[in-house]
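The residues making up each chain are set out below.
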Amino acid sequence: MVDLVARFPAMVAEAWEAGLRLQPPPIPSTAVVVLGMGGSGISGDLLAALLRPTFPVPVVVIKDSRVPGFVGPQTLVFACSYSGNTEETISAYTAARRAGAPAVVITTGGVLGGLAAAHGDPVVPVPPGIPPRAALPYLLLPMVGALRHLLPSADFSGEWEEAHAVLEELAGQLGRDVPGERNPAKQLAQRLVGHLPAVYAATSDLGPVAYRWKSQLGENGKTLALWHTFSELNHNETVGWEDRTLAGRVAVVLLREPEEEPDVARRIEATREVSFSAAASVSEVVARGRGRLARLLSLVLFGDFVSVYVALLRGVDPTPVAPIDEIKRRLRGFGRPVI
Ligand code: F6R
């Protein structure tokens, strides 16, 4: 897993090239829907975060077996499942097709790949043999590549080179060969181990990245973590910090952007004083680069490194996800009918 995390920039480059070749079905889309669970579904969250400030069409991520009523012939659906065998995604894809929605399927194969081939839907092949959560670039970037054909505001070609350079540089700074005293990801992992990490995004635009951190700390680090976003957390979770005993066990990580609106910085400062003063530690990770692609992906890569170092510090193997496999095994055949 550590090697796979280090390969993230190379995977991004490969997936970007493949994504540019993808043509979505030519429809006037009124919504883009991404279907997917876990390590595949997060690609939809990150797509939505990337497009949110500029894209005039809603991007909705469905982590369920069913699709909402608005899905229909004018909805462009991406069905993402690394294995192609995730019951929720297969059922949701089937429901979306029944509703008349044109779909693109992103998978290594499995049942979903077979259904897509039978229906004649475009299939974006994903390289096999990688844990789904480590294959994120292969799931996310084809969607980015395809959407640029739909609307100019979704064209990130101009940001691509910067993003790749930022990721290469970051991987060089955070890699396993860089010793702890010069490696901020290893230092942050040290502060998290033995505590409950709480990953807070400075704005809701960064929320999916905080969720990725939480998910990677779970799947790679085998540890529970909280996540939330400013300013919403100031309307609920901030009160929970009044339990100073529990608060003392929490290690806060703030995900921030280089140039923040003054009210964002003021809000975070106030929350540090009012709530986080009881925390075990408060750390900050600032996104790198100027473009949105570089900023989101740099925070994702930083968190992925932290999650594998947490695993190594805890003496656990970051790769296996035994409880996910066991629950899938117990539920096999109990899902909604696929066809
Ligand atoms: C495992 C992982 C899981 C899977 C999820 C859905 O590495 O990240 O969260 O992604 O169980 O499976 P797929 O991705 O095959 O649809």
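Everything discussed here concerns the structure shown above.
Calculation criteria
- Residues numbered from 1 in each chain as written.
- Predicted model: local features only at pLDDT ≥ 70, side-chain atom pairs only at ≥ 80, totals over all residues.
- Heavy atoms only, no water.
- 1 Å grid on protein atoms, 1.4 Å probe; cavity = no way out; pocket = protein on both sides within 12 Å on 5 of 7 lines; lining within 4 Å.
- Points joined across faces, edges and corners; volume = space filled by probe spheres on them.
- Helix = DSSP H or I, 4+ residues; strand = E, 2+ residues; numbered from the N terminus.
- Nonpolar A, V, L, I, M, F, W, Y, C, P; charged D, E, K, R; others polar.
- Phe/Tyr/Trp six-rings, centres within 6.5 Å; stacked < 30°, edge-to-face > 60°.
- Buried < 20%, exposed > 50% of the residue type's maximum accessible area, 1.4 Å probe, protein only.
- Lys NZ or Arg CZ within 6 Å of the ring centre and 35° of its normal.
- Pairing = 2+ DSSP bridges.
- Axes fitted to C-alpha atoms, helices over the stretch in contact; angles between N-to-C directions.
- Contact = heavy atoms within 4.5 Å.
- Parallel < 35°, antiparallel > 145°, perpendicular 65-115°, else oblique.
- Left-handed = near helix turned anticlockwise from the far one by under 90°.
- Core = buried A, V, L, I, M, F, W, Y, C linked by side-chain atoms within 4.5 Å.
- Near = heavy atom within 4 Å.
- Polar contact = N/O pair within 3.5 Å; in protein donor to acceptor, adjacent residues only side chain to side chain.
- Sits in = over half its atoms within 2 Å of the grid points.

**Q** Got a minute to help me understand the layout of surface pockets in this structure?
**A** Roughly 1,000 Å³ of volume is contained in the largest pocket. Lining the largest pocket we find 40 residues, and of these M37, G38, G39, I324 and K328 sit closest to its centre. Listed by contribution, the elements that provide at least two residues to the lining of the largest pocket are α3 (38-51), β3 (75-81), α4 (87-98), α9 (207-219) and α14 (322-331). With seven residues, the top contributor of residues to the lining of the largest pocket is α9. For the lining of the largest pocket, the residue count by class is 15 nonpolar, 14 polar and eleven charged. Every residue lining the second largest pocket is listed: E14, A15, A18, G19, R21, L22, V123, V124, P125, P127, Y138 and P142. Of all elements in the fold, only α2 (8-20), β5 (123-125) and α6 (136-147) reach the threshold of two or more residues within the lining of the second largest pocket.

**Q** Which parts of the structure should I look at to understand the packing of aromatic side chains?
**A** By the definition in use, this model includes seven aromatic pairs. Aromatic pair Y200 and F230: ring centres 6.4 Å apart, planes at 75°, arrangement edge-to-face. Of this pair, Y200 sits in strand β6 (residues 196-201) while F230 sits in the loop between β7 (226-229) and α10 (237-240); the two residues are 30 residues apart in sequence, bridging distant segments of the chain. Residue Y200 is classed as buried on the basis of its relative accessible area of 0%. Between W213 and F302, the aromatic rings sit 6.2 Å apart at their centres with planes inclined by 15°, giving stacked as the arrangement. Here F302 lies in helix α13 (residues 292-314) and W213 lies in helix α9, a separation of 89 residues in the sequence. By relative accessible area, W213 is classed as buried at 1%. Put simply, the rings of Y200, F230, W241 and F276 pair up and form one aromatic cluster. Just above the ring of Y309 sits the side chain of K186; from NZ or CZ to the centre is 5.4 Å.

**Q** Would you take a moment to explain the sheet that holds strand β2 (residues 59-62) for this structure?
**A** For sheets, the rule is that strands pair by backbone hydrogen bonds, running either parallel or antiparallel. Spatially, five strands are ordered β2-β1-β3-β4-β5 in an open sheet, and the strand pairing comes out parallel. Taken across any chain shown, the strands that pair with only one partner, and hence form the sheet edges, are β2 and β5. In this sheet, adjacent strand axes meet at a mean angle of 20° when their direction is disregarded. Where strand β1 (residues 31-35) lies against β3, five bridges are found, and the strand directions are parallel. Of the residues in β3, the one forming a bridge with A31 is T75. Running at roughly 160° to β3, α6 makes contact with β1, β3, β4 (103-107) and β5 of the sheet.

**Q** Is there a simple way to explain the packing of α3 against α9 in this structure?
**A** When two helices pack together, their arrangement is given by the angle between the helix axes and the distance between those axes. Interhelical geometry of α3 versus α9 gives an angle of 160° and a closest axis separation of 9 Å. The angle between the axes of α3 and α9 places the two elements in the roughly antiparallel class. Considering only the axes of α3 and α9, their crossing is left-handed. From α3, G39, I42, D45, L46 and A49 reach across to α9, where they touch P208, V209, Y211, R212 and E219. Here the contact of α3 with α9 is composed, by residue class, of six nonpolar, one polar and three charged.

**Q** Would you take a moment to explain the nonpolar core for this structure?
**A** Soluble, globular proteins show a tendency: their nonpolar side chains are buried together. Counting 82 residues, the largest nonpolar core has L47, F78, L147, W213, L255, F302 and V306 as the members making the most contacts within it. If one sorts the elements of this core by residue count, α13 sits on top with 13 residues. L47 has contacts with V34, V59, L140, M143, V144 and L147, leaving out every residue within four places of it along the chain. Ranked by size, the runner-up nonpolar core spans 16 residues in total, among them V33, V77, Y93 and A101.

**Q** Is there a simple way to think about the site of the ligand in this case?
**A** Neighbouring the ligand are 14 residues; S40, S81, S83, T86 and R133 lie closest to it. Within the side chain of S40, an N or O atom sits 2.5 Å from an oxygen atom of the ligand. Contact between the ligand and P132: an oxygen atom at 3.4 Å from a main-chain N or O atom of the residue. According to the grid-proximity analysis, the pocket containing the ligand is the largest pocket. Sorting the residues of the shell around the ligand by element identifies α3 and α14 as the ones contributing at least two each. No other element matches α3, which puts three residues into the shell around the ligand.

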